[in-house]
Amino acid sequence: MGKNTFTSHRIEDRSYVAFVKREIHEKLILENFKTSKIAEIDILVAELTSNLIKHVGSGELLYRLSWQEERHVFEIFCLDKGVGMNVPQMMRDGISTTKTLGQGLGAIQRLSDFSQVYSIPGWGTVVYARVLSVSDPIYRPGKVFFEEAVIEVPKLGEIACGDGYSIKKSAEETHIFLGDGLGHGIYAQEAVQAAIRSFQQCTDVQPADILRCIHNDVKKTRGLVGTVARLQHTKKSWQICGVGNIHTRVYEGLSSKIFMSYNGIIGLNLPNTLHNHPMEVQQNQFLMMASDGLSTRWDLNRYPTIFKSNTAIIAAALYKDFCRGHDDATILVGKVTL
């Protein structure tokens, strides 16, 4: 499994909860989390899973351990299709709908370095929590021009994920790459990981040129589809180019523009002509990129006030509603913060 990939568990009864908790606990030990941190995450996972069983009956748990800003980061999503909740009310201790102590969401908030809940009546709820292995700041980046969240999940039953993404940031520009290896499994993963290495090493700056560079470097793989987006900070412009069926759109408020990709397969048959699609950058624009593991018929007008949420919540809401379930699935949501 790739370093950016989330593990997915379908929680449908209490008997499965103990297995999930033990799996996460053992992985935290392997990543050398402090004993006190592990204990806090154990409580966090217990609260999320018990709330899911008590209030809804079933749902999906996604979690990931990754390395960010010179420390390990534990992230977890809890997704359900229940009746929803009054989030401000339920965040207060002592509020419960099941005659319990009502401390679940409040405890999740206290035990996390960051957490957020999004819920709509009749639609369900998304809970996101992030815990840092070391809570004190170690790395303080400069001005952030692009804040992103990505959910990447392999096909059910697969360990290897054929989707992949990479982001390069500098003071002047941000480059984003999302790729999907043909098919799924280990050979699709090899293709997309080769593309990520090429993307990271490529010195070109135009998305079309970067795709040509990747194409030349992955010819020994089964090939992939992919899109590169370039955000120029001072010039306030986008340049986007894609080959294959990576769905890419930019939101300004509730209106969006979809960027069409070229037909072809990177590594096998790249079009002779590739042009970058330009677009002016606006403050608080959202870039969204998705592999074909997600249906792309979404309408964010259906999600009240969701643009006020963290990008992780937006990605999770789209994953919850549009993941097809029969392929690797990746959704990237980024916000421009010029």
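The structure presented is a predicted model; accordingly, all values stated were derived computationally and were not measured.

Each value, and the rule that gives it
- Per-chain numbering applies: the sequence of each chain, read as written, is numbered from 1 onward.
- Selection of residues for local features in this predicted model requires a pLDDT of at least 70, selection of side-chain atom pairs for listing and counting requires 80 or more, and totals for whole chains, interfaces and linings are taken over all residues.
- Processing note: side-chain calculations cover all non-hydrogen atoms of the structure and skip hydrogens and water entirely.
- Two aromatic rings from Phe, Tyr or Trp, using only the six-membered ring of Trp, form a pair when their centres are within 6.5 Å; if the ring planes differ by under 30 degrees the pair is stacked, by over 60 it is edge-to-face, and anything between is tilted.
- Any residue under 20% of the maximum accessible area for its type is buried, any over 50% is exposed, and the rest in between are partly exposed; the area is computed with a 1.4 Å probe on protein chains only.
- Two conditions define a charge located above a ring, namely a distance within 6 Å from the ring centre to NZ of Lys or CZ of Arg, and an angle within 35 degrees of the ring normal.
- Throughout this description, the term nonpolar core refers to a set of buried Ala, Val, Leu, Ile, Met, Phe, Trp, Tyr and Cys residues connected via side-chain atoms within 4.5 Å.
- Per the convention used, a helix needs a DSSP run of H or I reaching at least four residues, while a strand needs a run of E reaching at least two, with both numbered from the N terminus.
- Any two residues whose heavy atoms approach within 4.5 Å are treated as being in contact.
- Two strands are said to pair when DSSP picks up at least two bridges between them.
- In this analysis an axis means a line fitted to C-alpha atoms, helices contributing only their contacting stretch, and an angle means the value between N-to-C directions, from 0 to 180 degrees.
- In a helix, the anticipated span is given by 1.5 Å times the number of residues less one.
- Here is the rule for angles: anything less than 35 degrees is roughly parallel, anything more than 145 is roughly antiparallel, 65 through 115 is roughly perpendicular, and the remaining ranges are oblique.
- Working rule for handedness: look at the near helix, and if it is turned counterclockwise from the far one by less than a right angle, call the crossing left-handed; if clockwise, right-handed.
- The classification used treats Ala, Val, Leu, Ile, Met, Phe, Trp, Tyr, Cys and Pro as nonpolar, Asp, Glu, Lys and Arg as charged, and all other residues, Gly among them, as polar.
- The pLDDT value tells you how sure the predictor is about a given residue, anywhere from 0 up to 100.

Caption draft 1: A look at the packing of aromatic side chains. Following the criterion strictly, the structure yields 12 aromatic pairs and no others. Their ring planes at 75° and their centres at 5.8 Å tell us that Y118 and W123 sit as a pair that is edge-to-face. Considered together, Y118 and W123 belong to a single accessibility category, that of buried residues. Through a chain of ring-to-ring contacts, the aromatic side chains of F6, F77, F114 and Y128 assemble into a single cluster. In this structure, K168 packs its charged tip against the face of F199, placed 4.7 Å from the ring centre. Positioned over the ring face of W123 is K320, at 3.9 Å from the centre of the ring.

Caption draft 2: Region of interest: the nonpolar core. The biggest cluster of nonpolar side chains holds 34 residues, and the ones touching the most others in it are F77, I151, M288, Y303 and I331. Every element with two or more residues in this core is listed here: β3 (71-80), β4 (114-120), β5 (124-132), β6 (146-153), β14 (286-290), α7 (311-322) and β15 (329-336). Those residues in contact with F77 that lie beyond four places of it in its chain are F6, E60, L61, L62, V126, V127, Y128, I151, A312 and A316. Within the second largest apolar cluster, 24 residues are counted, among which are I38, L48, F74 and V117.

Caption draft 3: Representation of unusual backbone geometry. Even without glycine at this site, K236 takes up a positive phi of about 55°. With respect to the secondary-structure elements, K236 resides in the loop between β9 (224-232) and β10 (237-243). Notably, T305 is not glycine yet its phi reads approximately 55°, a positive angle. Looking at the secondary structure, you find T305 in the loop between β14 and α7.

Caption draft 4: Structural context of the sheet that holds β10. Across the sheet, which stays open at both edges, the five strands sit in the order β7-β8-β9-β10-β13 with antiparallel pairing between neighbours. Strand pairing shows two members of the sheet lacking a second neighbour, β7 (163-169) and β13 (277-280), which therefore form its edges. Averaged over all pairs of adjacent strands, the angle between their axes in this sheet comes to 15°, without regard to strand direction. Pairing between β9 and β10: seven bridges, direction antiparallel. Each bridged residue has a counterpart across the sheet, and for Q232 the counterpart in β10 is S237.

Caption draft 5: Fine view of the pairing of β15. When you tally the buried positions in β15, you get seven out of eight residues, the bulk of the element. Summarising the sheet, β6 and β15 pair through eight bridges and their orientation is antiparallel. By the bridge assignment for β15, V150 is matched with L332. Bridge analysis of β14 against β15 gives five bridges, and the strand direction is antiparallel. In the sheet register, A290 faces β15, and the bridge partner there is I331.

Caption draft 6: Examining helix α5 (residues 186-201) more closely. Here α5 is 16 residues long and its end C-alpha atoms lie 23 Å apart, about the 22 Å a rise of 1.5 Å per residue gives. Among all positions in α5, only A188, Q189, A191, V192, A194, A195, I196, S198 and F199 are buried. Where the residues of α5 are buried, they touch β7, β8 (173-181), α6 (207-217) and β9.

Caption draft 7: Representation of helix α2 (residues 35-55) in the model. Look at α2: 30 Å from first C-alpha to last across 21 residues, which is about the 30 Å you get at 1.5 Å a residue. Listed in full, the buried residues belonging to α2 are K37, I38, I41, L44, V45, L48, T49, N51, L52 and I53. Where α2 ends, the next residue or the one after it, G57, has phi of about 105°, a positive value.

Caption draft 8: View of the packing of α5 against α6. Direction vectors running N to C along α5 and α6 enclose 130°, while the axes themselves pass 9 Å from each other. What the angle tells us is that α5 and α6 run oblique. Here α5 and α6 pass one another in a crossing that is right-handed. Here α5 contributes A195, S198 and F199 to the contact with α6, which in turn contributes I210, C213, I214 and D217. When the residues that make up the contact of α5 with α6 are grouped by side-chain class, the tally is five nonpolar, one polar and one charged.

Caption draft 9: Layout of the confidence of the model for the protein. Averaged over every residue, the pLDDT of the protein is 91; residues scoring 70 or more account for 92%. Low confidence marks residues 93-102, where pLDDT is under 50. Its contacts with residues over four positions away, or in another chain, come to 17 contacts.

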